[in-house]
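Structure assessment
Here's the letter readout for the chains.
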Amino acid sequence: MARARIDDGAGTVAVRAALADGKNASRDIRAQAVRYTLQLLAEQAEGNTLEVRVPPFGATQCMAGPRHTRGTPPNVVETDADTWLALATGALTWADGVATGAIHASGQRADLTGLVPVLPL
């Protein structure tokens, strides 16, 4: 069953609140902000080649190319919520996130260059 789409207004409010309050934002706000920005990524880069994980709040598949359906995906990007929100909103570049080790990327197609930010603020 597909998850209900997060409304753009509510999603943007959650992202702004999560960024403003940082680690002091409620778990619900942080979760909605992460899920909303993952939703935007999946909509803007449709496909199933790359899995983007932001534990414990969400994961999505995106990017056109070979489809992944079972087991451990060959192309994975994983990061924490704060790093993901910074990346998704343009406060952090892909190159800087990878260079500092805040973003873990594995696989030949595990690169979000040109796909982020998804919600520049």
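Above: the structure in question.
Residues numbered from 1 in each chain as written. Predicted model: local features only at pLDDT ≥ 70, side-chain atom pairs only at ≥ 80, totals over all residues. Heavy atoms only, no water.

1. Looking at the environment of D82
Following the sequence through the fold, D82 ends up in helix α3 (residues 81-89). In the structure, D82 is positioned 54 residues away from D28 in sequence and 14 Å away in space, judged by C-alpha atoms. Dropping the residues within four chain positions of it, D82 is found in contact with K23 and R30. In this structure the side chain of D82 is engaged in a polar contact, spanning 2.5 Å, whose partner is the side chain of K23. (Helix = DSSP H or I, 4+ residues; strand = E, 2+ residues; numbered from the N terminus. Contact = heavy atoms within 4.5 Å. Polar contact = N/O pair within 3.5 Å; in protein donor to acceptor, adjacent residues only side chain to side chain.)

2. A few points about the side chain of T49
Positionally, T49 belongs in the loop between α2 (27-44) and β1 (50-54). A residue is classified by how much of its surface remains accessible, and T49, at 2% relative accessible area, is buried. One polar contact links the side chain of T49 to the main-chain amide nitrogen of G65, over a distance of 3.2 Å. T49 has contacts with C62, M63, A64, G65, P66, N75 and R109, leaving out every residue within four places of it along the chain. (Buried < 20%, exposed > 50% of the residue type's maximum accessible area, 1.4 Å probe, protein only.)

3. Points about the sheet that holds strand β4 (residues 104-106)
Pairing within the open sheet is mixed, and its four strands lie in the order β2-β1-β3-β4. Both outer strands of the open sheet, β2 (58-62) and β4, are each paired with one neighbouring strand and no more. Taken pair by pair, the neighbouring strands of this sheet meet at an average axis angle of 15°, ignoring direction. (Pairing = 2+ DSSP bridges. Axes fitted to C-alpha atoms, helices over the stretch in contact; angles between N-to-C directions.)

4. Observations concerning the nonpolar core
Counting residues in each nonpolar core, the largest one holds 31 residues, and the members touching the most others are V34, L41, L50, V52, V77, W84 and L112. Broken down by secondary-structure element, the contributors of at least two residues to this core are α1 (8-21), α2, β1 and α3. Ranked by the residues each element gives to this core, the list is headed by α2, at seven residues. (Core = buried A, V, L, I, M, F, W, Y, C linked by side-chain atoms within 4.5 Å.)

Structural measurements only, silent on function.
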